[in-house]
Amino acid sequence: MDLTTLFKISYGVYIVGSSWNDNYSACIATTVMQVTSEDVPKLIAVINKQNYTHELISKSKRVNISVLSQNSNLDFIAKFGFQSGRTSNKLSSVLYEIGNNNIPIITENAICAYETSVINEIDVGTHTIFVLLLENTKKISYDNVLTYDYYHNVIKGGVPKTAATYINQEKHKFNVSKGDDKMNRYRCKICGYIYDEEKEGVKFEDLPDDWVCPLCKTPKTNFEKEIENEL
Ligand code: FE
C-alpha cells in the first residue's frame, strides 16, 4: 500500500480553540470541514486526544475555529502547532476577540471564524472526530486562504506527530534514497519544519553540528530525510 497517495488529499489550515474554567488552548488542525448544509450547517474537526485543546473541548462542548490566511508565517503557526496550551498562554501575544459563546476567537492572520458547539463525538483511535453545529460566523479579512499545500510547499512548514495527517516514515518503511547528490528535503521530527537544500543552497550534511531547527530549536540529529512528495 503506497501511503504517499495520501499526500494528494487537499486540506486547509485552521486554529481550533476551546476554553473551560478560565483555561484556554488552541491547536493547528488541517482536518476541519463542512459536512452538511441543512438549516444549520454542521462541521467536523478532528483533534488528537493528547492535545490539551481536546481535553477542553470534551469539557466545554464549545469550539471556535479560525480559517487562516496565507499571511500566516511559521512563527505564528508554531505558537499553536508546536507548543502546548498546558505550559504556554496561547493568547499572550496574538490578536483575539471573545465570541458570543465566551470562547476566544483568534483574529490574527484569520480570514473568518466559526463559533460551534459539539453535538457528537466519534472515537477514531488516536483522534476524536467532533461533530459541530455552526452557531455564529465572523468575517475578518479578504486575504487568500491558507491551504496545507501552500503551507507545506511555500511556507515550508510541516506537521507535528499529533496531526491527523502525520505519517511515520520509519514505521511505514518508505523507500528513501541514500547517498545521492541530488538536493533533498529534511524534516524535523519534533515540529515538522522542512529544510530544503535546494532553497537553502547548502546540503544538510554540510550544516555545522551545532545547527538547530529554526522553529523548535531541536538539534540537527532530530531531522530525517523526507520522502518524495510526488507520485
Ligand atoms: Fe523543529
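Going by the structure above, here's the rest.
The structure contained in this document is the topic of the report that follows. Given the structure is predicted, the values throughout are model-derived calculations rather than measurements.

Parameters at a glance
- Residues numbered from 1 in each chain as written.
- Predicted model: local features only at pLDDT ≥ 70, side-chain atom pairs only at ≥ 80, totals over all residues.
- Core = buried A, V, L, I, M, F, W, Y, C linked by C-beta atoms within 7 Å.
- Buried ≥ 20, exposed ≤ 12 C-beta atoms within 10 Å, placed from the backbone.
- Contact = placed C-beta atoms within 7 Å.
- Pairing = 2+ DSSP bridges.
- Helix = DSSP H or I, 4+ residues; strand = E, 2+ residues; numbered from the N terminus.
- Axes fitted to C-alpha atoms, helices over the stretch in contact; angles between N-to-C directions.

1. A few points about the nonpolar core
Argument step 1. Membership of the largest hydrophobic core comes to 32 residues, with the highest contact counts inside it found for Tyr14, Ile15, Val16, Ala29, Ala45, Ile47 and Ile65.
Argument step 2. Here isoleucine 15 is in contact with Ala26, Ile28, Ile65, Ser66, Leu68, Phe80 and Ile106, once residues within four sequence places are set aside.

2. Some words on the pairing of strand S8 (residues 110-123)
Argument step 1. Sheet topology note: the strand S5 (residues 62-68)/S8 ladder contains 7 bridges and is antiparallel. Paired with leucine 68 across the two strands is alanine 110, which belongs to S8.
Argument step 2. One ladder, built from 11 bridges, connects S8 with strand S9 (residues 127-139); its direction is antiparallel. Across the sheet, residue aspartate 123 finds its bridge partner in S9, namely threonine 128.

3. So, the sheet that holds strand S4 (residues 42-48)
Argument step 1. Spatially, the 7 strands line up as an open sheet ordered S2-S1-S5-S8-S9-S4-S3, and their pairing is antiparallel. One side of each edge strand has no neighbouring strand; the edge strands of this open sheet are strand S2 (23-29) and strand S3 (32-36). In this sheet, adjacent strand axes meet at a mean angle of 35 degrees when their direction is disregarded.
Argument step 2. Alignment of S3 against S4, held across 4 bridges, turns out to be antiparallel. Of the residues in S4, the one forming a bridge with glutamine 34 is leucine 43.
Argument step 3. In the packing of helix H1 (residues 52-60) onto the sheet, contacts are made with strand S1 (14-20), S2, S4, S5, S8 and S9, and the angle to S1 comes to roughly 55 degrees.

4. Regarding unusual backbone geometry
Argument step 1. Its identity as a non-glycine residue notwithstanding, lysine 61 has a phi of 60 degrees, on the positive side.
Argument step 2. Classification of lysine 61 by C-beta neighbours within 10 Å gives partly exposed; the count is 17.
Argument step 3. Positive phi is not limited to glycine here, since asparagine 109 has a value of about 60 degrees.
Argument step 4. Relative to the assigned elements, asparagine 109 resides in the loop between strand S7 (104-106) and S8.

5. What to know about the pairing of S1
Every other side chain in a regular strand lies on the same face of the sheet, so the side chains alternate between the two faces.
Argument step 1. With 6 of its 7 residues buried, S1 lies for the most part within the structure.
Argument step 2. Across 7 bridges, the pairing between S1 and S2 is antiparallel. Bridging from a neighbouring strand, tyrosine 14 pairs with alanine 29 of S2.
Argument step 3. Linking two consecutive strands that pair antiparallel, namely S1 and S2, is a turn of 2 residues; a positive phi of about 50 degrees is found at asparagine 21 within it.
Argument step 4. In terms of strand pairing, S1 meets S5 through 4 bridges, oriented antiparallel.

Purely geometric stuff here, so don't read any function into it on its own.
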